[in-house]
Amino acid sequence: MKPGVHALLEVARNHPGRVARYYRERIDAFNDRLNAFITVLDPPPRAEAPKADPGVLAGLPIAHKDIFVTRDVRTTCGSRMLEGFVPPYDATVVERLADAGCVLLGKTNMDEFAMGSSNETSYFGPVRNPWDLERVPGGSSGGSAAAVAAGLVPVATGTDTGGSIRQPAALCGVTGLKPTYGRVSRYGMIAFASSLDQAGILARSAEDAAWVLRAMAGHDGRDSTSADRPVPDYVAQLAEGIRGLRIGILEDCFDTGLDPEVGARIRDALRVMERLGARLCEIRLPHLALSVPAYYVLAPAECSSNLARYDGVRFGHRAEGVQDLATLYRRSRSEGFGTEVKRRILIGTYVLSHGYYDAYYLQAQRVRRLIREDFIQALSTVDLLAGPTTPTPAFRLGEKTEDPLTMYLNDIYTIGVNLAGLPALSIPAGFVRGLPIGLHLIGGDFNEGLMLAAAQAFQGATEWHTLAPPGFEASGP
Ligand code: GLN
């Protein structure tokens, strides 16, 4: 079993540099098999005099999804467009975790501009799932999920616009937390769909996620959508447990498209929660089925607007040998973006265009409101909602690349949460045909603490989150 954050901090305190070196060596030994990193960094040589305030996470190795800008460290967003982009500043998340003492070991691979569910849209090649190297790790934070699952880093950041933290967490057998919209600053996080994007964490356990969330959450004047409310002590809150919590089972998720074996494992996991003192009931959300269609209007609309900045002039790839401005735009964008990104930009500009705006974009906004109201109504009767994170375990590389619609359905259970802005978590909940699956927990606005406490209680009674993929076992530094 790999040690958790708490134990690693202890080792880092007593043997400065040892923890970072240990994980750095594992990256060297295993990354070739997984392609989880786009950029690998050496830990800085240990400073001579220890800092007066080394920070609560002093010496903890971390990897950031390559969507967070890092000063003087190349940040690609998985795209040819930003292949050579070296940002002049740090994202707030990067800055806060560095201030807390985290040691950055690299930038993780991801679907291009976070658009995808399998990591296969990355310009830097697909990531492989450590549980089966012929299968995808999920996406778009697949590099972070695979790196944590294989023990190349103890924790990593991710972002979740429609499921990109929770889905890869489920497929790689790790814990993935998407906080409430606004809980974590988006400053310096390369935008995909700004009203949905939220930064979060991939970690072994809910406890480890709580340590990192406490350091990265909080108001940021540089992000006007960041929430100005105090950050609770998520680590202390873990002790609150699960007893007495009312958990609503999302019955709609069990109706169609769910692999029956995944369904059976999730029912088993829910029985564990019941045994630990949770009270279960059934919940139906009438508009949840509309999440995927609404998302695939709204997310492309926002992406088409956000990605307009990559014009070959100010950022990123610039076509060569061009004589006029229109050709410069066209060629730079044609060369810099991959197929999925282009598809989204086309859909987005279409749904926002005059004559279609009302029919698609406004309509999708209305549906989004109904979905949020369904969730709020349900969460007025229960503390948490629960169901499967994904309909199936990890699929094979190449299995869904020909059919974007089948790929989009991977996020069918996670997307509604982003439309509603709520916090949610995926925790390892068993295996189907030798592959990990995830239990999805959804909380009320800013109820991360309660959700983490429930997950921690579950992890205290199960060992799914402690298992390592064969060939990637680790004893710890
Ligand atoms: N898979 C979804 C998409 O392709 C979600 C991606 C995400 O959460 N970043 O848009």
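Below or above, wherever it landed, is the structure these notes cover. (Residues numbered from 1 in each chain as written. Predicted model: local features only at pLDDT ≥ 70, side-chain atom pairs only at ≥ 80, totals over all residues. Heavy atoms only, no water.)

### Examining the sheet that holds strand β2 (residues 61-65)
Logical step 1: Read from one edge of the open sheet, eleven strands run β1-β3-β2-β4-β6-β5-β10-β11-β9-β7-β8, paired in mixed fashion. Strands with a single pairing partner mark the edges of an open sheet, and in this sheet they are β1 (37-40) and β8 (279-283). Sheet twist, expressed as the mean angle between neighbouring strand axes with direction ignored, is 30°.
Logical step 2: One ladder, built from three bridges, connects strand β5 (residues 175-178) with strand β6 (residues 199-203); its direction is antiparallel. Counterpart to T175 in the pairing with β6 is A203.
Logical step 3: Where helix α3 (residues 92-99) meets the sheet, it contacts β2, β4 (155-159) and β6, and its direction lies at approximately 175° from that of β2. (Pairing = 2+ DSSP bridges. Helix = DSSP H or I, 4+ residues; strand = E, 2+ residues; numbered from the N terminus. Axes fitted to C-alpha atoms, helices over the stretch in contact; angles between N-to-C directions. Contact = heavy atoms within 4.5 Å.)

### Considering helix α12 (residues 357-378)
Logical step 1: Over its 22 residues, α12 extends 31 Å from the first C-alpha to the last, a length consistent with the 32 Å expected when each residue adds 1.5 Å.
Logical step 2: Of all the positions in α12, only Y361, A364, V367, R368, I371, D374, F375 and A378 are classed as buried.
Logical step 3: In this structure, the buried side of α12 is in contact with β8, α9 (291-306), α11 (339-352), β9 (384-388), α14 (415-420) and β11 (435-443). (Expected span 1.5 Å × (residues − 1). Buried < 20%, exposed > 50% of the residue type's maximum accessible area, 1.4 Å probe, protein only.)

### What to know about the side chain of S291
Logical step 1: Along the chain, S291 turns up in helix α9.
Logical step 2: Using a relative accessible area of 1% as the deciding quantity, one classes S291 as buried.
Logical step 3: One polar contact links the side chain of S291 to the main-chain carbonyl oxygen of L288, over a distance of 2.6 Å. (Polar contact = N/O pair within 3.5 Å; in protein donor to acceptor, adjacent residues only side chain to side chain.)

### Comments concerning the pairing of β2
Looking along a regular strand, one sees side chains alternate from face to face of the sheet.
Logical step 1: Counting buried residues along β2, five of its five residues qualify, which places the element largely inside the surrounding structure.
Logical step 2: Across five bridges, β2 lies against strand β3 (residues 103-108) in parallel orientation. When the bridges of β3 are listed, K65 appears paired with T108.
Logical step 3: Tracing the backbone out of β2, into α3 and back to the parallel element β3 gives a crossover that is right-handed. (Right-handed = clockwise from strand over helix to strand, strands pointing away.)

### Regarding the pairing of β6
Logical step 1: Counting buried positions over the five residues of β6 gives five, a clear majority of the element.
Logical step 2: Residues A199, I201 and A203 of β6 are buried on one face, and the alternating residues G200 and L202, pointing to the opposite face, are buried as well.
Logical step 3: Where β4 meets β6, five bridges bridge the pair, whose relative direction is antiparallel. Of the residues in β6, the one forming a bridge with G158 is G200.

### A look at the pattern of salt bridges
Logical step 1: Scanning all chains against the criterion turns up 24 salt bridges.
Logical step 2: For the salt bridge of E95 with R222, the shortest nitrogen-to-oxygen distance reads 3.3 Å. With E95 in helix α3 and R222 in the loop between α6 (206-216) and α7 (234-237), the pair connects residues that are 127 residues apart, well separated along the chain.
Logical step 3: A salt bridge links E340 to R344; the nearest nitrogen and oxygen atoms lie 2.7 Å apart. Here R344 and E340 lie together in helix α11, a separation of four residues that amounts to about one turn. Of the two residues examined, E340 and R344, each falls in the buried class.
Logical step 4: Among the charged side chains, a salt-bridge network with shared partners connects R24, D28 and D42. (Salt bridge = Lys/Arg side-chain N within 4 Å of Asp/Glu carboxyl O.)

### Digging into the environment of T175
Logical step 1: Its place among the elements puts T175 in strand β5.
Logical step 2: With 26 residues separating them in the primary sequence, T175 and I201 have C-alpha atoms 8.1 Å apart.
Logical step 3: A polar contact is formed between the side chain of T175 and the backbone oxygen of R204, at a distance of 2.9 Å.

### Digging into the site of the ligand
Logical step 1: As a structural note, the neighbourhood of the ligand is formed by 15 residues, with G162, S164, Y295, R344 and D411 the closest of them.
Logical step 2: Backbone polar atom of G163 to an oxygen atom of the ligand: 3.3 Å apart, as the coordinates give it.
Logical step 3: In the environment of the ligand, an oxygen atom lies 2.7 Å from a nitrogen or oxygen atom belonging to the side chain of R344.
Logical step 4: Within the complex, 100% of the 290 Å² of free accessible area of the ligand lies under protein.
Logical step 5: For the shell around the ligand, the class distribution of residues is five nonpolar, seven polar and three charged. (Near = heavy atom within 4 Å. Areas by Shrake-Rupley, 256 points an atom, 1.4 Å probe, with all protein chains shown as cover. Nonpolar A, V, L, I, M, F, W, Y, C, P; charged D, E, K, R; others polar.)

### Considerations on unusual backbone geometry
Logical step 1: Backbone torsion omega between G139 and S140 reads 5°, so that peptide bond is classified as cis.
Logical step 2: Along the polypeptide, S140 turns up in the loop between β3 and α4 (142-149).
Logical step 3: Here N35, not a glycine, exhibits a phi torsion of approximately 60°, which is positive.
Logical step 4: You can see N35 is positioned in the loop between α2 (18-34) and β1.
Logical step 5: Positioned with a positive phi, C77 is a non-glycine residue whose angle comes to about 55°.
Logical step 6: On the secondary structure map, C77 appears in the loop between β2 and α3.

### A short note on the packing of aromatic side chains
Here the distance between the centres and the angle between the planes together describe a pair of aromatic rings.
Logical step 1: Here the structure, examined in full by the defined rule, presents 17 aromatic pairs.
Logical step 2: Judged by centre distance (5.3 Å) and plane angle (80°), the rings of Y123 and F124 are edge-to-face.
Logical step 3: A residue is classified by how much of its surface remains accessible, and Y123, at 40% relative accessible area, is partly exposed.
Logical step 4: Taking 5.9 Å as the distance between ring centres and 50° as the angle between the ring planes, the aromatic pair formed by Y350 and Y360 counts as tilted. (Phe/Tyr/Trp six-rings, centres within 6.5 Å; stacked < 30°, edge-to-face > 60°.)

### Here we look at α4
Logical step 1: A large share of α4 lies buried, amounting to eight of its eight residues.
Logical step 2: Of the residues flanking the end of α4, it is G151, one or two places downstream, whose phi is positive at about 70°.

### A short note on the nonpolar core
Logical step 1: L57, F113, F375, L441 and L452 are the most contacted members of the largest nonpolar core, which totals 144 residues.
Logical step 2: When residues in this core are grouped by element, the largest group, nine residues, is from α9.
Logical step 3: Apart from residues no more than four positions distant in its own chain, L452 is found in contact with L177, A206, A209, A210, L213, Y234, L238 and L425.
Logical step 4: By size, the runner-up hydrophobic cluster in this structure holds six residues, among which are V136, A394, F395 and M407. (Core = buried A, V, L, I, M, F, W, Y, C linked by side-chain atoms within 4.5 Å.)

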